[in-house]
Amino acid sequence: QQPVQSPQAVILREGEDAVINCSSSKALYSVHWYRQKHGEAPVFLMILLKGGEQKGHDKISASFNEKKQQSSLYLTASQLSYSGTYFCGTPKDNAGNMLTFGGGTRLMVKP
Amino acid sequence: EAGVAQSPRYKIIEKRQSVAFWCNPISGHATLYWYQQILGQGPKLLIQFQNNGVVDDSQLPKDRFSAERLKGVDSTLKIQPAKLEDSAVYLCASSLAGYTGELFFGEGSRLTVL
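Note that the structure is a prediction, hence the values are computed from the model and not measured. (Residues numbered from 1 in each chain as written. Chains lettered and ligands numbered in written order. Predicted model: local features only at pLDDT ≥ 70, side-chain atom pairs only at ≥ 80, totals over all residues. Heavy atoms only, no water.)

K.L.:
Tell me about the state of the cysteines, residues and numbers included.
P.N.:
Residue and element names in this part refer to chain A. In total, this model carries two disulfides over all chains according to the counting rule given. With a sulfur-sulfur separation of 2.0 Å, Cys-22 is cross-linked through a disulfide to Cys-88. As the torsion about the S-S bond is roughly 75°, the Cys-22-Cys-88 disulfide counts as right-handed. Here the residue Cys-22 occupies a position in strand β3 (residues 18-23), and Cys-88 occupies one in strand β9 (residues 84-90), the gap between them amounting to 66 residues. Exposure class is identical for Cys-22 and Cys-88. Each is buried. (Disulfide = S-S within 2.5 Å. Helix = DSSP H or I, 4+ residues; strand = E, 2+ residues; numbered from the N terminus. Buried < 20%, exposed > 50% of the residue type's maximum accessible area, 1.4 Å probe, protein only.)

Here it is in structure tokens:
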């Protein structure tokens, strides 16, 4: 079953922060985050493997609440390069098989 | 290191015609995926291969779609006959075996069915 992302779209000014949420009605084994720029392939950001795990990459970080079956992606002090569509993905089993993506969150960062 | 290669990049066909897409994964990647991405939506998984075996093809519309990965390396995805709703970008991705694997995506094959 497809994870649900919110919000569907966000418009920010450079330097502002944003949070993208991803939730599932089924137990989450792990959560994967990808970013896709217009006309390009999705690019990997990070994987969260354990409940409560938090990871960061530059000024993009994420948390994983296994109990609540949800994950959040935090974009701090956004840059123009952060613009794109963000997808969370959840596997069907704990071996990471059948990664299913949410509908995406479109992020636009303006100068 | 070479990335995931896909061809053709673009294809325009009439409905009821057939089309085939080819994917060559990153060398050494045992797992290969085909995703369908309709404009404005997230990628939808069609099939996952582990080496030359199918892990799951439950979302592949088998009355018209077929996929194979002979010899556990490159793969082809075929649609026959195509319908208007098949218009989408078909993304191929590969990863090393194991659940910590990051997916590496190809640039995709954009299909337009008229």
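K.L.:
Describe the side chain of Gln36(B), with residues and values.
P.N.:
Residues and elements named next belong to chain B. Mapped onto the secondary structure, Gln-36 falls in strand β4 (residues 31-37). Gln-36 sits in the buried class, given a relative accessible area of 10%. Of note is the side chain of Gln-36, whose polar atom sits 3.0 Å from the side chain of Tyr-90. Every residue in contact with Gln-36, bar those within four places of it in the chain, is listed here: Gly-42, Pro-43, Lys-44, Leu-46, Phe-65, Glu-85, Asp-86, Ala-88, Val-89 and Tyr-90. (Polar contact = N/O pair within 3.5 Å; in protein donor to acceptor, adjacent residues only side chain to side chain. Contact = heavy atoms within 4.5 Å.)

K.L.:
Could you give an account of the interface of chain B and chain A, with specific residues and numbers?
P.N.:
Facing 21 residues of chain B, the contacting portion of chain A comprises 20 residues. Carbon and sulfur atoms make up 58% of the area that chain B and chain A hide from each other, which totals about 1700 Å². One salt bridge in this structure joins Asp56(B) and Lys92(A), with 2.8 Å as the shortest N-O distance. Taken together, the links from chain B to chain A amount to seven residue pairs in polar contact (both at pLDDT 80 or more). Elements represented by at least two residues in the side of chain B that touches chain A include exactly β4, β5 (44-50) and β6 (53-56) of chain B. Taken together, the residues of the side of chain B that touches chain A sort by class into eight nonpolar, ten polar and three charged. (Buried area = accessible area lost by both parts, 1.4 Å probe. Salt bridge = Lys/Arg side-chain N within 4 Å of Asp/Glu carboxyl O. Nonpolar A, V, L, I, M, F, W, Y, C, P; charged D, E, K, R; others polar.)

K.L.:
Got a sec to walk through unusual backbone geometry? Specific residues and values, please.
P.N.:
The omega angle of the peptide bond from Ser6(A) to Pro7(A) is -10°, so this bond is cis rather than trans. Secondary-structure assignment places Pro7(A) in the loop between β1 (4-6) and β2 (9-13).

K.L.:
Give a description of the pairing of strand β3 (residues 19-24) of chain B that names residues and reports values.
P.N.:
All names here are of chain B. The side-chain alternation of β3 yields one buried face, formed by Val-19, Phe-21 and Cys-23, and one unburied face, formed by Ala-20, Trp-22 and Asn-24. Of the pairings in the sheet, the one linking strand β1 (residues 5-7) to β3 comprises three bridges and is antiparallel in character. By the bridge assignment, Gln-6 is partnered in β3 with Cys-23. Relative to strand β8 (residues 75-79), β3 runs antiparallel, the two being bridged by five bridges. Residue Cys-23 lies in a different strand from β8, and its bridge partner there is Ser-75. (Pairing = 2+ DSSP bridges.)

Keep in mind these numbers describe shape, not what the thing actually does.
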